[in-house]
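Inside the fold
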There are 2 protein chains.
Amino acid sequence: MVSIKDIAKQAGVSISTVSYALNGNPKVTPETSSRILAIAKELNYIPNAAARQLKKQESRIIGAFLTDFTGAFYGDLLQGMKEVLNRKGYDLIVCSGLQSHRLLPERMIDGAIILDSTFSDMELLDFADRGHRLVVLDRELNHPAVNEVLLDNKAGANLAMDYLISMGHKKLYIVMGPSDSFDARQRMIAVRQTLDRHPEVNAVLLEGDFNQGSGEAAARTIIDQYDGPVGAFCLNDEMAIGLHNYAVSQGYRIGEQISVIGFDNIELTRYLQPRLSTIQYSKHRWGAMASEQLLRLIQGEDVDHERIYVTLVEGDSVKRV
Amino acid sequence: MVSIKDIAKQAGVSISTVSYALNGNPKVTPETSSRILAIAKELNYIPNAAARQLKKQESRIIGAFLTDFTGAFYGDLLQGMKEVLNRKGYDLIVCSGLQSHRLLPERMIDGAIILDSTFSDMELLDFADRGHRLVVLDRELNHPAVNEVLLDNKAGANLAMDYLISMGHKKLYIVMGPSDSFDARQRMIAVRQTLDRHPEVNAVLLEGDFNQGSGEAAARTIIDQYDGPVGAFCLNDEMAIGLHNYAVSQGYRIGEQISVIGFDNIELTRYLQPRLSTIQYSKHRWGAMASEQLLRLIQGEDVDHERIYVTLVEGDSVKRV
DNA sequence: TTGTAGGCGTTATCAC
DNA sequence: GTGATAACGCCTACAA
């Protein structure tokens, strides 16, 4: 490995002069500087990240932690994060799994964006106490070193419910999400509030796990009990697709016999016929916002929690009854 | 930050004793050792990655580089990589974009798995010359420090073509891929070979870019020229889905008027009706194999290039004519 | 069994 | 303007 020491030797100067030259310090004369730079290039010199990091106590790397790598869900989100970070001279690395947690306390990264249920709140608070900066996308966590950038789940669930009800639906099925999901819990809170406001609506709550399978299971239940048009709010699109597919395979017509609305507006919904009504938000913006907040935190600025707003997308999967 | 120096002070021993104790060196007596460990825990000591890395000249981190984060394509692949690496005490980080290239030469990672067209062959060979270990999934690259783990694209394309031809198709459309894709180029080579072997088959080559849109465009062309059952080999599933959707929307029946076969067996195809015939392989195995080969390379073992085998999945999108 | 000391590659504070 | 030199936190001969 070629280090500044080698360059110094070759150039007949001291290592400090080399360091100055490489870092563009104006103290060194243009001649020595360009001579040093030329030698550095000739020797194929590349600075050693570990050494710089050890000295400067920063890596200029940000970690994004995900529960898993599956699903097309994360593409735009990560892209949004990366663009902002790169613009500010930071790099993004994406990690998953328990083992990778070490990267944070070992100071391999300057901060983390968390969308990862394998972190407990306690663990994160512990990191925050140690002085690490965090942005959480999947929980509420009050700590001066932690910023929340959360989806406005409640508003979204409200929109979905109000939409179904405004279309005249009196009989509703709610396909719920896993209880360890923050988003699912928030959405359910709003669902219950809406139902409280509409005592005339008859709602059945069905278990769900955010996967296609539980949407199919829900469809089976709905069909078993079928005796006229009903509405269904699936707490995410994946389950809505499962419900859709099973219902269609049994000869039911979505948007007529069964009105369906989802949440997230994932890519996949583009392939559904009729088009799925759902709750939409910009994943790119979500990621970008997370990065911005994290950088502010790292720069020692005081930042408020942020919300990502959502809107209703009307497809053809919900019809008036 | 609490360092071994702090622990040493607290325990009244030297830093080397602390280091030995923390690393389980049997030279230090059980009593001192346990006392030191207790103090370390009490002080919330966590080793500093940069320092250890600087000393040991390794980070035990492997980087996977992707052209972009979009697409559900990578989930299983990354999962396969991660499992193998974690088992061997390595961590996986996923990177994308030009800026992240620096992680390799700056020695932030101990090796890299490349599925990223933003790296040029020259750049990679340069890294290899510097002593970095690489596994490439998206190109052929001959260098002792580089191992190839490639999909058997030619066999797959052959399977697909032979299948269509064996079902009696004499009129074929080939929806090609982007020319900067290694996989696309390899698949086309096999396509051309098959066509050479079957002069009785009339084939039309259509441009494609591996995205849904070019599948739709292909469908438009096919329908324009339609005068009886034809077969279509889309060089990946995304385009096959595009072709399928557009054709269906125009009232054509897939598997009857137009027989379609894709490549990759992506998740999405499960949602197609009729089910898509395609070429299948284990992405999980692909990732796992890449990690295994990289670790062998790092351990200085001599390793041969590897191929990931593919098989035909018969759906209902191809019928005999 | 424990301590001393040198070094990994940089940066940065001093002198000169 | 340039050069010693001391960190940064850790590991590891070698000495005691």
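The rules behind these values
- Residues numbered from 1 in each chain as written.
- Chains lettered and ligands numbered in written order.
- Predicted model: local features only at pLDDT ≥ 70, side-chain atom pairs only at ≥ 80, totals over all residues.
- Heavy atoms only, no water.
- Helix = DSSP H or I, 4+ residues; strand = E, 2+ residues; numbered from the N terminus.
- Rg over C-alpha atoms; globule rule 2.2 N^0.38 Å.
- Buried < 20%, exposed > 50% of the residue type's maximum accessible area, 1.4 Å probe, protein only.
- Contact = heavy atoms within 4.5 Å.
- Buried area = accessible area lost by both parts, 1.4 Å probe.
- Salt bridge = Lys/Arg side-chain N within 4 Å of Asp/Glu carboxyl O.
- Polar contact = N/O pair within 3.5 Å; in protein donor to acceptor, adjacent residues only side chain to side chain.
- Pairing = 2+ DSSP bridges.
- Axes fitted to C-alpha atoms, helices over the stretch in contact; angles between N-to-C directions.
- Least-squares fit on C-alpha atoms with pLDDT ≥ 70 in both.
- Near = heavy atom within 4 Å.
- Nonpolar A, V, L, I, M, F, W, Y, C, P; charged D, E, K, R; others polar.
- Expected span 1.5 Å × (residues − 1).
- Core = buried A, V, L, I, M, F, W, Y, C linked by side-chain atoms within 4.5 Å.
- UniProt positions renumbered as here; feature names shortened; annotations may be inferred.

Take the overall build of chain A next. Helix and strand counts for chain A come out as 11 helices and 12 strands. Expected size for 321 residues packed as a compact globule is a radius of gyration near 20 Å; at 26 Å, chain A overshoots this value by more than 25%. With the C-alpha coordinates aligned to their principal axes, the bounding extent of chain A is approximately 90 × 35 × 30 Å. When the 321 residues of chain A are sorted by exposure, 54% land in the buried category.

The interface is formed by 50 residues belonging to chain A together with 50 residues belonging to chain B. A buried area of about 4,100 Å², summed over both sides, lies between chain A and chain B, and 59% of it is on carbon and sulfur atoms. In terms of surface lost to chain B, no three residues of chain A exceed A:F69, A:Q99 and A:Y271, which account for 16% of the buried area on that side. In this structure, the connection of chain A to chain B is made through 4 salt bridges. Linking B:E106 and A:R52 is a salt bridge whose minimum nitrogen-to-oxygen distance equals 3.7 Å. On inspection of chain A and its partner chain B, the count reaches 11 residue pairs in polar contact (both at pLDDT 80 or more).

Attention shifts here to the sheet that holds strand β8 (residues 230-234) of chain B. Residues and elements named next belong to chain B. Here we have 4 strands laid out as an open sheet, ordered β7-β6-β8-β9, and parallel in their pairing. The open sheet terminates on both sides in strands that have one partner only, identified here as β7 (202-206) and β9 (258-261). The mean angle between the axes of side-by-side strands here comes to 20°, regardless of whether they run parallel or antiparallel. Looking at chain direction, strand β6 (residues 171-175) and β8 are connected through 4 bridges and run parallel.

All names here are of chain A. Mapped onto the elements, N147 comes out in strand β5 (residues 146-151). A polar side-chain atom of N147 sits 3.0 Å from the main-chain carbonyl oxygen of D304. When near neighbours in sequence (up to four residues on either side) are disregarded, N147 contacts L134, V135, V136, Q293, L297, V303, D304, H305 and E306.

Overlaying chain A with chain B gives an RMSD of 0.1 Å, the required rotation being 180° about an axis along which the chain moves by 0.0 Å. The operation mapping one copy onto its partner corresponds to a two-fold rotation axis. Both copies contact each other with a shared surface, as 100% of the interface residues of chain A are interface residues in chain B too.

On to the pairing of β5(A), then. Residue and element names in this part refer to chain A. By the criterion of burial, β5 is predominantly enclosed, with 6 of the 6 residues buried. In β5, alternate side chains face the same way, and those of V146, E148 and L150 on one face and N147, V149 and L151 on the other are all buried. One ladder, built from 3 bridges, connects strand β4 (residues 134-136) with β5; its direction is parallel. Directly across from V136, in β5, lies its bridge partner E148. Here β5 runs beside strand β11 (residues 306-308); their pairing, made up of 3 bridges, is parallel. Residue pairing in the sheet places V149 in a bridge with E306 of β11.

With respect to the helices and strands, B:D91 occurs in strand β2 (residues 91-96). Relative accessible area serves as the criterion here: at 2%, B:D91 is assigned to the buried category.

Around DNA strand C lies a shell of 30 residues, among which A:Y20, A:Y45, B:S14, B:S16 and B:T17 are the nearest. Near the protein, within 4 Å, the atoms of DNA strand C are sugar or phosphate in 56% of cases. Separating a base nitrogen of DNA strand C from a side-chain N or O atom of B:K55 is a distance of 3.3 Å. The separation between a sugar or linking oxygen of DNA strand C and a polar side-chain atom of B:Q57 is 3.3 Å. Of all the secondary-structure elements, those providing two or more residues to the surface near DNA strand C are α1 (4-11), α2 (15-22) and α4 (49-56) of chain A together with α2 (15-22) and α4 (49-56) of chain B. Residues of the surface near DNA strand C, tallied by class, amount to 12 nonpolar, 11 polar and 7 charged.

Once that is clear, we can look at helix α5 (residues 75-87) of chain B. Residue and element names in this part refer to chain B. Look at α5: 18 Å from first C-alpha to last across 13 residues, which is about the 18 Å you get at 1.5 Å a residue. Within the span of α5, buried status applies to G75, L77, L78, G80, M81, K82, V84, L85 and N86. Phi turns positive one or two residues past the end of α5, at G89, with a value near 80°.

Applying the stated criterion across every chain yields a total of 20 salt bridges over all chains. The partner of A:E106 in a salt bridge is A:R102, with the nearest N and O atoms 2.8 Å apart. Take A:E106: its relative accessible area is 9%, and that puts it in the buried class. Across the salt bridge formed by A:R130 and A:D126, the nearest N and O atoms sit 3.3 Å from each other. Accessibility expressed as a relative area gives 22% for A:R130, which makes it partly exposed. Given the relative accessible area of 31%, A:D126 is considered partly exposed. The structure contains a network of salt bridges with shared partners spanning A:R52, A:D91, B:R102 and B:E106.

Here we come to the nonpolar core. Ranked by size, the top nonpolar core spans 150 residues in total, and within it A:L137, A:F233, A:L243, B:L137, B:F233 and B:L243 carry the most contacts. The residues touching A:L243, leaving out its near neighbours within four places in the chain, are A:V175, A:G215, A:E216, A:A219, A:I222, A:A232, A:C234, A:I254, A:I258 and A:V260. Core analysis: the next-biggest nonpolar cluster, separate from the first, contains 40 residues, A:M108, A:A128, A:L134 and A:A145 among them.

So, on to the protein's contact with DNA strand D. Of all residues adjacent to DNA strand D, which total 30 residues, the nearest are A:S14, A:T17, B:I4, B:Y20 and B:Y45. When atoms of DNA strand D within 4 Å of the protein are sorted by moiety, sugar and phosphate together comprise 56%. One nitrogen or oxygen atom from the side chain of A:T17 is found 2.6 Å from a phosphate oxygen belonging to DNA strand D. B:S19 places a side-chain nitrogen or oxygen 3.3 Å from a phosphate oxygen of DNA strand D. Of all the elements in the fold, those that place two or more residues in the surface near DNA strand D are α2 and α4 of chain A together with α1 (4-11), α2 and α4 of chain B. Grouping the constituent residues of the surface near DNA strand D by class yields 12 nonpolar, 12 polar and 6 charged.

Under the UniProt annotation, "domain: HTH lacI-type" (unreviewed entry) lies at residues 2-56 of chain A. Taken end to end, residues 2-56 of chain A is 67% helix and 0% strand, and its two terminal C-alpha atoms sit 20 Å from one another.

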